[in-house]
Every structure is written in C-alpha cells, then in structure tokens.
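# Report on the structure
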Amino acid sequence: MTVHNVSNIVIVGGGTAGWMTAASLSKHFRKTKVAITVVESSAIGTVGVGEATIPTLRRFYAELGLDDMAVMKATQATCKLGIQFQDWYKQGHSFIHPFGLFGQKANGIDFHHYWLHLKSLGDTSALADYSLGVNLAKNNKFIEPSVNPPSELSVYDWALHFDAGLFAKLMREYAESHGVTCIDAKIDGVNCGEEGIDSLVLDDGRVINGDLFIDCSGFKGLLIEQALHTGYHDWSEWLQCDSAVAVQSTRAGSAPSYTVTRAHQAGWQWRIPLQHRAGNGHVFCSRYISEDEAIATLKSNITDELLHEPRRFKFTPGRRKLAWNKNCIAVGLASGFLEPLESTSIALIETAIEKIRRVFQRPWYTAAAVDNFNDLTAQEYERVRDFIILHYKLNQREDGELWRYCREMELPEMLRKKVAAFRSQGDLIRYPIEMFGGPSWVAIYDGFQYLPEQYDQRVTKMNPEYLQKALGEMRQSVASAVASVQSHDDFIAQNCAAAAP
Ligand SMILES: Cc1cc2nc3c(=O)[nH]c(=O)nc-3n(C[C@H](O)[C@H](O)[C@H](O)COP(=O)(O)OP(=O)(O)OC[C@H]3O[C@@H](n4cnc5c(N)ncnc54)[C@H](O)[C@@H]3O)c2cc1C
C-alpha cells in the first residue's frame, strides 16, 4: 500500500468554498504539523452569489464553535424554514418545501399513508396543515425548534439566508486566527508532474509548492480541469437551465422566513431576503430565451429598487468525473454545479470537507481513500441531481417548451425507480447518502399533486373516527403552536439584528 504523506496543503481560491475548507481544516489539523496556505486573487474576485443555505450549514459552523446568532449578526442573515415554490406545478399554484416533518408516523407507517386514507374518506385537509415548519413560514413567524421536541409534530429545522461575502470573511478570520496563511496573487501557471500538481506560479514570479492541492478556483477548475484535464459529466439532458442573471435589491416590508422561487416560461426566479436587502436572480435555459429577455423578466418581477446592474452567469450542470484526481481535490464550483433551486452548492462544499476530514484522520492518504472519496462524491451529486430533476419532471405548466420537454424526458434510472415506487404505493426509497430525506420527497410529490395510486393498507385497519379525531388534533396542535410564536422580524430584532451596511 502506497501512502502519500501530506504536510503542506495549498488551497486555490478564496470564495465560500476556499475559506470554508481552510477554516475547517485549520481546526482539523491544529495538533499536527500540516501547513495550510490559501492563494486567492482579489483582482479576479469571487462568484458573489450563493446566499440561501440548508440546515447542514449550521452544523458546519457549530463544529467550529460558532454560534447561530453570532453568525446571523455577522452575515446580516435571516432565518429560512424552507422554500416556497410558486407557479411550478401550474401557474397560480404554490407550496412550501419545509425543513421538517409532516404529521406523526404511527405503528412504523409513514404519516402520509394515514393522510391519504383520511383523504379517501372525504377529508379535505392538506398535508401542509400537519407541518409546523410550513405553517410558521406561511405566517412569517420564527422560533428556534425545541431541542427536545415533545412529538414528531414539533420537529422542524432551519437554515440561513446570508451575505455570502460576509460569511467567507467570517471563515477567513477563523482560518487566519488558526494559522492559515493567505497569499493574494493571481496564479499564472501550474506545474504538473507524475503525482499531479507540483507547484503554482504566481504573477509576481513566486513559486508555491505543496503536496496536496485543493482546487476551490470556481467554475474554471484551474487545477482539476485546466491543469489535470479530469473531464466532466454533463447533465444538460435532464437539467436544461444553463444561465443565470442576478441582482441585489432593497427589501421593503417584513422578511419572509423562507426563500421564494417562482417558475417562469424558460426557467425560474429566486428571492432571498437578507436583513437589509434581498438577493434576486433568474435561472434560465438559453435555448428558449436570450439573456436580455431573462433580465427583462427578472426586473419586471422585482418591485424594489435595484442596487446595481444584473450580473450574468453561464454554467454546465454536472460534476467532474473525479472530485479527487492525483494530488488534487476539487471543492465548490470547481467540482461541479447544480442549479441553486434547493440551495445545495454550499451543502456540497460541506460534505466534501467532511469527507476530506475523514480521510485525514492521520496526515496521509492512500489510493483506496481516494477511490472511496470519489464514489461518495458521485453518489452525493447524483442524488441531489435527481431531487432537482423531480421538480421539473412533475410540472403541469402549459407555457413554454422547457416545461413540455421536462414533463416528457426520460429520467435517470434510480430516480425512475424512486418515482415509480412512490406512485404505485407511496413507498419512499431511501439511500444512505442523501441530502434530502423522505419528508422532502413527500413535500415535492405533494406540492406537485403527484399522489400515490395505493397506500399502505394497514392504515385502513384504524377506526375512521379515531383517525379523523387524531389527525384533527394534530392540525389543531400545529395551529395553536403557530399562534403562540413571534414574527420573524421580531425574532431577528431581538436576537441578531445587524447594523445596516
Ligand atoms: C447564479 C448562482 C446562484 C447561486 N445560488 C446559490 C445558493 O443560493 N445557495 C448555494 O448554496 N449556492 C449557490 N450558488 C453556488 C455558490 O455561489 C457557490 O457554491 C459558492 O459561492 C462557492 O463558490 P466557490 O468558492 O467554489 O467559487 P468562487 O466564489 O468563484 O471563488 C473562486 C476563487 O478562486 C480564485 N481564483 C480563480 N482563479 C484564480 C487564479 N488564476 N489565481 C488566483 N485565484 C484564483 C478567485 O479569486 C476566488 O477567490 C449559486 C451559484 C450561482 C452561479
């Protein structure tokens, strides 16, 4: 077994990915003699978007010893209980995908089976009526979930809408205070050898050596692609959007405790509320509309004042064939990209860092560890991909070629099986490595009115009156919990208000 020792890690890029990696590894290697250097170019800058997260982010910074309210204040953040999907199923229809459960399972049977049975008996309650997360969000309220929830009915989670630049700054402060060195220079050349990357050549002539290089250089993949020619799996067949335009705006009124995504004719628009402004963007397929048309649609759907001219992005949905190639690991946009519909890019940075930490329980790695890293990364990406594809596949919109194409497209094999299992009898196929668990899949199926033809017949043994009563009490319990909670604005004002920039 060949062992590759590591004593000198060079991280290329100082965006969200670069500084999250540096911060986390600086803690991880604090007791070993591993040097960590970040090379970034302030002249090139960062991608400057990426403001909506999922709850795993909170676990990531908690691991560094950072506290929710301190992070929120430092990044001008608001709370996110889920995502509202407007006009996705059909124009005029809307639903929320919460970070939380629906109802209470009983006798080992998922709650949606009981709800489906009650529905078949003529009850008209919506699945969303049984979700505390959805109802807090719909009412623009927020409270931190109980650490010891009295029942599954009180289980929900939350994430942040934040200023990505301020979050990277926070990560940088942490990393530098834990011994990470930063070099601000443009990398003009990369020297390669048998092991992979030998050294970097900076624009001031300096040469930077390392034994492990982490490529956080963004879409271009300076090391993983431009130097090592790793190759890319292109998923445009299923994810047609290849462009985005983004703009910040003022934000009038109260801050919703959820992200809004609204489908348009050739893509979708996001709105992310921060404490003092909002992030807005339009993700679209350039085959169906031009960039100028996309900008016009974006602008015409923002009522607040725009703070700058919209910025433009091009991307190819997919992932690098190998996230770890020779002595180079790609993290962040350098490793691949899936449109930000479910805010998964930063979460994929977290899982990449977590895997790096698992490999480096000692300061060396083996070929077997690299293979395992690549297998796990492929699975993570593919399962997020499938979850995003589901949103397109189930649409019933009547405008636009994009939506017709997506309704009719063939699904990737694993997704096809998952959808078929749910459709036929409400089964949720679960895999060990999945960012989105059963309740998230149920939220999307239900949001798109894609309900099972059959459900678990064991629920029919329950006395209908008892079922009616039990579910009625659950709805009541959700409604009274929501009534007692303060508004999201008040929560922020009392706990984490940041001064206006
Ligand atoms: C339109 C859009 C919306 C998004 N929305 C979300 C969202 O809501 N939620 C989410 O989780 N993610 C989102 N993302 C993804 C998110 O923005 C990224 O995952 C995140 O910002 C990490 O980016 P990065 O650090 O990999 O790359 P970048 O921010 O591009 O950083 C690259 C770094 O590499 C440096 N660099 C590049 N070339 C050189 C060189 N030659 N020499 C020296 N340094 C160099 C740059 O200076 C920079 O510091 C979105 C992405 C896009 C495009």
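These numbers were taken from a predicted model, which means no experiment stands behind them. (Residues numbered from 1 in each chain as written. Predicted model: local features only at pLDDT ≥ 70, side-chain atom pairs only at ≥ 80, totals over all residues.)

With that settled, the discussion passes to the sheet that holds strand β20 (residues 324–325). Strand-to-strand pairing in sheets goes through backbone hydrogen bonds, with the strands running parallel or antiparallel. Here 6 strands make up an open sheet; going across it, the order is β8-β3-β2-β12-β21-β20 and the pairing mixed. Looking at which strands have only one partner, the edges of the open sheet turn out to be β8 (181–184) and β20. Sheet topology note: the strand β12 (residues 212–215)/strand β21 (residues 328–330) ladder contains 3 bridges and is parallel. Residue pairing for β21: Asp-215 is matched across the bridge by Ala-330. Of the strands in this sheet, β2 (8–12), β3 (35–40) and β12 touch helix α1 (residues 16–28), which is tilted by about 170 degrees from β3. (Pairing = 2+ DSSP bridges. Helix = DSSP H or I, 4+ residues; strand = E, 2+ residues; numbered from the N terminus. Contact = placed C-beta atoms within 7 Å. Axes fitted to C-alpha atoms, helices over the stretch in contact; angles between N-to-C directions.)

A positive phi is found at His-229, a non-glycine position, where the angle reads about 50 degrees. On the secondary structure map, His-229 appears in the loop between α7 (222–227) and β13 (232–234). Residue classification places His-229 among the exposed positions, given that 11 C-beta atoms sit within 10 Å. Of note in the backbone geometry, Lys-326 takes a positive phi value of approximately 55 degrees without being a glycine. (Buried ≥ 20, exposed ≤ 12 C-beta atoms within 10 Å, placed from the backbone.)

For the rest of this paragraph, the subject is the domain arrangement of the protein. Parsing the protein into structural domains produces domain 1 (4–77 + 162–235 + 316–383), domain 2 (95–156 + 385–488) and domain 3 (243–314). Distance between the C-alpha centres of domain 1 and domain 3: 27 Å. Residues of the side of domain 1 that touches domain 3, tallied by class, amount to 6 nonpolar, 3 polar and 3 charged. (Domains from an automatic or database assignment. Nonpolar A, V, L, I, M, F, W, Y, C, P; charged D, E, K, R; others polar.)

Once that is clear, we can look at the environment of Gly-400. Secondary-structure assignment places Gly-400 in the loop between α10 (367–393) and α11 (401–408). Taking the C-alpha atoms as reference points, Gly-400 and Tyr-288, separated by 112 residues in sequence, lie 8.2 Å from one another. Those residues in contact with Gly-400, other than ones at most four positions away along the chain, are Gln-265, Ala-266 and Tyr-288.

Structurally, Met-414 is set in helix α12 (residues 413–425). A count of 15 C-beta atoms within 10 Å places Met-414 in the partly exposed class. Along the backbone, Met-414 and Ile-429 are 15 residues apart, and their C-alpha atoms lie at a distance of 9.6 Å.

Moving on to the site of the ligand. Around the ligand, 36 residues are found, and the nearest of them are Gly-13, Gly-15, Gly-50, Gly-218 and Gly-332. Those elements that place two or more of their residues in the shell around the ligand are α1, β3, β14 (243–249) and α9 (345–359). With 3 residues, α1 is the single largest residue contributor to the shell around the ligand. Class assignment of the residues belonging to the shell around the ligand gives a composition of 17 nonpolar, 16 polar and 3 charged. Mapped onto the domain boundaries, the shell around the ligand takes at least three residues apiece from domain 1 (4–77 + 162–235 + 316–383) and domain 3 (243–314). (Near = placed C-beta within 6 Å.)

Another aspect to go through is α1. For α1, built from 13 residues, the straight-helix expectation of 18 Å at 1.5 Å per residue is met to within 8% by its first-to-last C-alpha distance of 18 Å. Burial within α1 is extensive, with 11 of its 13 residues counted as buried. Summarising the contacts, the buried residues of α1 are in contact with β2, β3, α6 (164–177), β12 and α9. (Expected span 1.5 Å × (residues − 1).)

Spatially, the 7 strands line up as an open sheet ordered β6-β5-β15-β16-β17-β14-β18, and their pairing is mixed. The open sheet is flanked by β6 (94–98) and β18 (311–314), the only strands paired with a single partner. The average undirected angle you get between the axes of adjacent strands in this sheet is 20 degrees. Two strands pair when backbone bridges link them, and strand β5 (residues 82–86) and β6 are joined in this way by 5 bridges, in the antiparallel orientation. If you follow Gly-82 over to β6, its bridge partner there is Pro-98. The strands touched by helix α8 (residues 291–300) within the sheet are β14, β15 (259–264), β16 (267–273), β17 (278–284) and β18, with β14 carrying the most contacts at an inclination of about 35 degrees.

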